[in-house]
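Residue-level structural notes
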Amino acid sequence: ALMELACPERWPDPPRPSLIVGGTRGLAWSSLPYTWILFWAGIFDKGCANDGTLMLDETRHDSVDDHIAIKAGHSTIMSNPNVIDTVVEWLDGHR
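Thresholds, definitions, all that
Residues numbered from 1 in each chain as written. Predicted model: local features only at pLDDT ≥ 70, side-chain atom pairs only at ≥ 80, totals over all residues. Heavy atoms only, no water. Helix = DSSP H or I, 4+ residues; strand = E, 2+ residues; numbered from the N terminus. Contact = heavy atoms within 4.5 Å. Salt bridge = Lys/Arg side-chain N within 4 Å of Asp/Glu carboxyl O. Buried < 20%, exposed > 50% of the residue type's maximum accessible area, 1.4 Å probe, protein only.

Focus: the environment of Leu19
- Relative to the helices and strands, Leu19 is located in strand 1 (residues 19-23).
- In this structure, the C-alpha to C-alpha distance between Leu19 and Trp90, residues 71 residues apart in sequence, is 8.2 Å.
- Setting aside its immediate chain neighbours within four residues, Leu19 contacts Val64, Asp66, His67, Ile68, Val87 and Trp90.

Written out as structure tokens, the structure reads:
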């Protein structure tokens, strides 16, 4: 199972329609310590949007219908009010 997670090209296509929300907040003082370690280790490409854990480009999947970038951090993206409003709006439009 771990090897499947490590190889996105082996992931099954998601059900359609589908949406991925990627965060772009990057580093913040409230970020977890490992986020700062990733930053100082040079894990994030310069100029690439990231949520403090993943680069925005890493959240894309060829078979996903829509991809939205929102200024949110990795650890808090699921409870971010802008994310919630965006997902509810997207779901309303895809009933």
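Some points on the pattern of salt bridges
- Within this structure, the stated rule accounts for two salt bridges.
- For the salt bridge of Asp65 with Arg16, the shortest nitrogen-to-oxygen distance reads 2.7 Å. Of this pair, Asp65 sits in the loop between helix 2 (33-40) and strand 2 (66-70) while Arg16 sits in the loop between helix 1 (2-6) and strand 1, and the two are 49 residues apart along the sequence.
- Given a relative accessible area of 58%, Arg16 falls into the exposed group.
- Arg60 is the salt-bridge partner of Asp57, the closest N and O atoms lying 3.7 Å from each other.
- A relative accessible area of 46% places Arg60 in the partly exposed class.

None of this, on its own, says anything about what the molecule does.
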